[in-house]
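Read off the chains here:
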Amino acid sequence: MEGSYAGNVNSQEAFDALSSEQNAVLVDVRTQAEWAFVGVPDLRSIGKETLLIEWQSFPSSGPNPEFATTVSDQLVKKGLDLGAPIYFLCRSGARSQAAAIALTQAGYTKCFNVSDGFEGPLDAESHRGTQSGWKAAGLPWTQS
(Lines give C-alpha, C1' and ligand atoms only; values in the text may rest on other atoms or scores of the structure.)
Protein backbone atom coordinates (compact mmCIF):
# COMPACT_ATOMS: atom_id res chain seq x y z
CA MET A 1 0.00 0.00 0.00
CA GLU A 2 2.81 2.44 0.82
CA GLY A 3 4.12 2.26 -2.74
CA SER A 4 1.01 4.05 -3.98
CA TYR A 5 1.94 7.41 -2.36
CA ALA A 6 5.16 9.28 -1.51
CA GLY A 7 5.55 7.66 1.91
CA ASN A 8 5.20 8.10 5.65
CA VAL A 9 6.69 10.85 7.80
CA ASN A 10 6.27 11.58 11.48
CA SER A 11 4.75 14.80 12.81
CA GLN A 12 8.09 16.52 13.41
CA GLU A 13 9.30 15.69 9.88
CA ALA A 14 6.05 17.06 8.46
CA PHE A 15 6.33 20.28 10.48
CA ASP A 16 9.97 20.72 9.42
CA ALA A 17 9.01 20.30 5.75
CA LEU A 18 6.06 22.67 6.11
CA SER A 19 8.43 25.20 7.69
CA SER A 20 11.16 24.93 5.05
CA GLU A 21 9.23 24.29 1.82
CA GLN A 22 7.22 27.30 0.68
CA ASN A 23 4.67 25.29 -1.31
CA ALA A 24 4.19 22.46 1.25
CA VAL A 25 0.64 22.08 2.58
CA LEU A 26 -0.91 20.31 5.58
CA VAL A 27 -4.36 18.77 5.09
CA ASP A 28 -6.13 17.61 8.27
CA VAL A 29 -8.63 14.94 7.18
CA ARG A 30 -10.33 14.34 10.52
CA THR A 31 -13.99 15.21 11.20
CA GLN A 32 -15.47 18.57 12.16
CA ALA A 33 -16.11 17.17 15.64
CA GLU A 34 -12.45 16.22 16.04
CA TRP A 35 -11.31 19.67 14.92
CA ALA A 36 -13.70 21.35 17.36
CA PHE A 37 -13.19 19.15 20.41
CA VAL A 38 -9.65 17.75 20.06
CA GLY A 39 -7.88 20.67 18.38
CA VAL A 40 -6.07 21.43 15.12
CA PRO A 41 -2.46 22.06 14.08
CA ASP A 42 -1.65 25.77 14.29
CA LEU A 43 0.69 26.83 11.47
CA ARG A 44 0.45 30.59 12.00
CA SER A 45 4.01 30.68 13.38
CA ILE A 46 5.26 29.61 9.94
CA GLY A 47 2.82 31.78 7.99
CA LYS A 48 0.53 28.98 6.86
CA GLU A 49 -2.89 27.57 7.57
CA THR A 50 -4.02 23.97 7.85
CA LEU A 51 -6.56 22.87 5.25
CA LEU A 52 -9.46 21.19 7.06
CA ILE A 53 -11.14 18.72 4.68
CA GLU A 54 -12.97 15.67 6.04
CA TRP A 55 -11.99 12.29 4.61
CA GLN A 56 -15.23 10.89 6.00
CA SER A 57 -17.99 12.63 7.90
CA PHE A 58 -19.33 11.36 11.19
CA PRO A 59 -21.37 9.17 11.50
CA SER A 60 -20.96 8.03 7.88
CA SER A 61 -18.52 5.20 7.43
CA GLY A 62 -17.58 5.86 3.82
CA PRO A 63 -15.10 8.33 2.38
CA ASN A 64 -16.24 11.78 1.30
CA PRO A 65 -16.89 11.34 -2.46
CA GLU A 66 -15.85 14.97 -3.06
CA PHE A 67 -12.58 14.70 -1.08
CA ALA A 68 -10.07 14.70 -3.97
CA THR A 69 -11.96 17.42 -5.85
CA THR A 70 -12.21 19.60 -2.72
CA VAL A 71 -8.51 19.25 -1.91
CA SER A 72 -7.54 19.89 -5.53
CA ASP A 73 -9.74 23.01 -5.67
CA GLN A 74 -8.15 24.36 -2.48
CA LEU A 75 -4.63 23.72 -3.83
CA VAL A 76 -5.43 25.43 -7.13
CA LYS A 77 -6.72 28.47 -5.17
CA LYS A 78 -3.32 28.57 -3.46
CA GLY A 79 -1.57 28.48 -6.85
CA LEU A 80 -0.13 25.01 -6.25
CA ASP A 81 0.37 22.33 -8.89
CA LEU A 82 0.45 18.51 -8.95
CA GLY A 83 4.03 18.54 -7.61
CA ALA A 84 3.30 20.43 -4.38
CA PRO A 85 4.24 18.46 -1.24
CA ILE A 86 1.03 17.59 0.59
CA TYR A 87 1.07 16.21 4.13
CA PHE A 88 -2.10 14.42 5.26
CA LEU A 89 -2.93 14.18 8.96
CA CYS A 90 -5.66 12.34 10.89
CA ARG A 91 -5.94 11.03 14.44
CA SER A 92 -3.46 8.19 14.18
CA GLY A 93 -2.43 7.68 10.54
CA ALA A 94 -5.06 5.44 8.92
CA ARG A 95 -7.46 7.92 7.27
CA SER A 96 -4.55 10.14 6.25
CA GLN A 97 -2.88 7.20 4.50
CA ALA A 98 -6.08 6.57 2.52
CA ALA A 99 -6.23 10.29 1.68
CA ALA A 100 -2.60 10.30 0.48
CA ILE A 101 -3.36 7.35 -1.78
CA ALA A 102 -6.51 9.03 -3.15
CA LEU A 103 -4.68 12.26 -4.04
CA THR A 104 -1.81 10.32 -5.58
CA GLN A 105 -4.38 8.54 -7.76
CA ALA A 106 -5.72 12.00 -8.68
CA GLY A 107 -2.30 12.92 -10.10
CA TYR A 108 -0.47 14.57 -7.19
CA THR A 109 3.10 13.28 -6.95
CA LYS A 110 4.21 14.22 -3.41
CA CYS A 111 1.50 12.99 -1.04
CA PHE A 112 2.79 12.08 2.41
CA ASN A 113 1.03 10.38 5.31
CA VAL A 114 1.78 11.80 8.77
CA SER A 115 1.81 8.30 10.18
CA ASP A 116 1.74 9.17 13.91
CA GLY A 117 -1.25 11.47 13.41
CA PHE A 118 -2.48 14.31 15.58
CA GLU A 119 -2.94 12.20 18.70
CA GLY A 120 -1.02 8.98 18.03
CA PRO A 121 -1.86 5.53 19.41
CA LEU A 122 -3.49 4.66 22.71
CA ASP A 123 -1.20 4.52 25.75
CA ALA A 124 -1.43 2.03 28.64
CA GLU A 125 -4.34 4.01 30.12
CA SER A 126 -6.18 4.05 26.75
CA HIS A 127 -5.47 7.76 26.21
CA ARG A 128 -4.17 9.35 23.02
CA GLY A 129 -1.80 12.30 22.65
CA THR A 130 0.83 11.15 25.13
CA GLN A 131 3.17 8.81 23.21
CA SER A 132 3.52 10.15 19.69
CA GLY A 133 1.79 12.38 17.20
CA TRP A 134 1.52 16.13 16.65
CA LYS A 135 0.41 16.96 20.21
CA ALA A 136 2.91 14.67 21.96
CA ALA A 137 5.74 16.13 19.83
CA GLY A 138 4.96 19.56 21.28
CA LEU A 139 4.14 21.04 17.88
CA PRO A 140 1.84 24.09 17.77
CA TRP A 141 -1.89 23.45 17.94
CA THR A 142 -5.02 25.20 19.06
CA GLN A 143 -8.36 24.17 20.45
CA SER A 144 -11.70 25.99 20.17
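The sections below set out a description of the structure shown in this document.

Rules of the game
Residues numbered from 1 in each chain as written. Predicted model: local features only at pLDDT ≥ 70, side-chain atom pairs only at ≥ 80, totals over all residues. Heavy atoms only, no water. Pairing = 2+ DSSP bridges. Helix = DSSP H or I, 4+ residues; strand = E, 2+ residues; numbered from the N terminus. Contact = heavy atoms within 4.5 Å. Axes fitted to C-alpha atoms, helices over the stretch in contact; angles between N-to-C directions. Expected span 1.5 Å × (residues − 1). Buried < 20%, exposed > 50% of the residue type's maximum accessible area, 1.4 Å probe, protein only. Salt bridge = Lys/Arg side-chain N within 4 Å of Asp/Glu carboxyl O. Core = buried A, V, L, I, M, F, W, Y, C linked by side-chain atoms within 4.5 Å.

## Concerning the sheet that holds strand β5 (residues 86-89)
- Strand order in the open sheet formed by five strands is β1-β6-β5-β2-β4, with parallel pairing between adjacent strands. Strand pairing shows two members of the sheet lacking a second neighbour, β1 (7-9) and β4 (51-52), which therefore form its edges.
- Where helix α4 (residues 94-105) meets the sheet, its contacts fall on β5 and β6 (111-114), and the angle it forms with β6 comes to roughly 180°.

## Side note on α4
- Spanning twelve residues, α4 covers 17 Å between terminal C-alpha atoms, matching the ideal 16 Å at 1.5 Å per step.
- Buried within α4 we find R95, S96, A99, A100, I101, A102 and L103.
- Structurally, α4 contributes buried residues whose contacts are with α2 (32-38), α3 (67-77), β5 and β6.

## Structural notes on the pattern of salt bridges
- Inspection of the entire model under this criterion finds four salt bridges.
- Between R30 and D28 there is a salt bridge, with the nearest N and O atoms lying 2.6 Å from each other. In terms of burial, R30 and D28 fall into one category: buried.
- Its salt-bridge partner being D42, residue R44 comes within 2.6 Å of it at the nearest N-O pair.
- On the basis of relative accessibility, which here comes to 65%, the residue R44 falls in the exposed class.

## Quick notes on the side chain of S11
- Following the sequence through the fold, S11 ends up in helix α1 (residues 11-20).
- Residue class for S11 comes out buried when judged on its relative accessible area of 0%.
- Beyond its immediate sequence surroundings of up to four residues, S11 is in contact with V114, D116, G117, G133, W134 and L139.

## Describing the nonpolar core
- Residues V27, V29, F67, L75 and F88 are the most contacted members of the largest nonpolar core, which totals 22 residues.
- At the level of secondary structure, the elements contributing two or more residues to this core comprise β2 (25-28), α3, β5 and α4.
- Considering every element that reaches this core, the biggest residue donor is α4, with five residues.
- If we skip the residues at most four places from it in the chain, F88 touches V27, V29, F67, S96, A99, A100, L103, C111, F112, N113 and V114.

No statement about biological role is implied by the geometric values presented.
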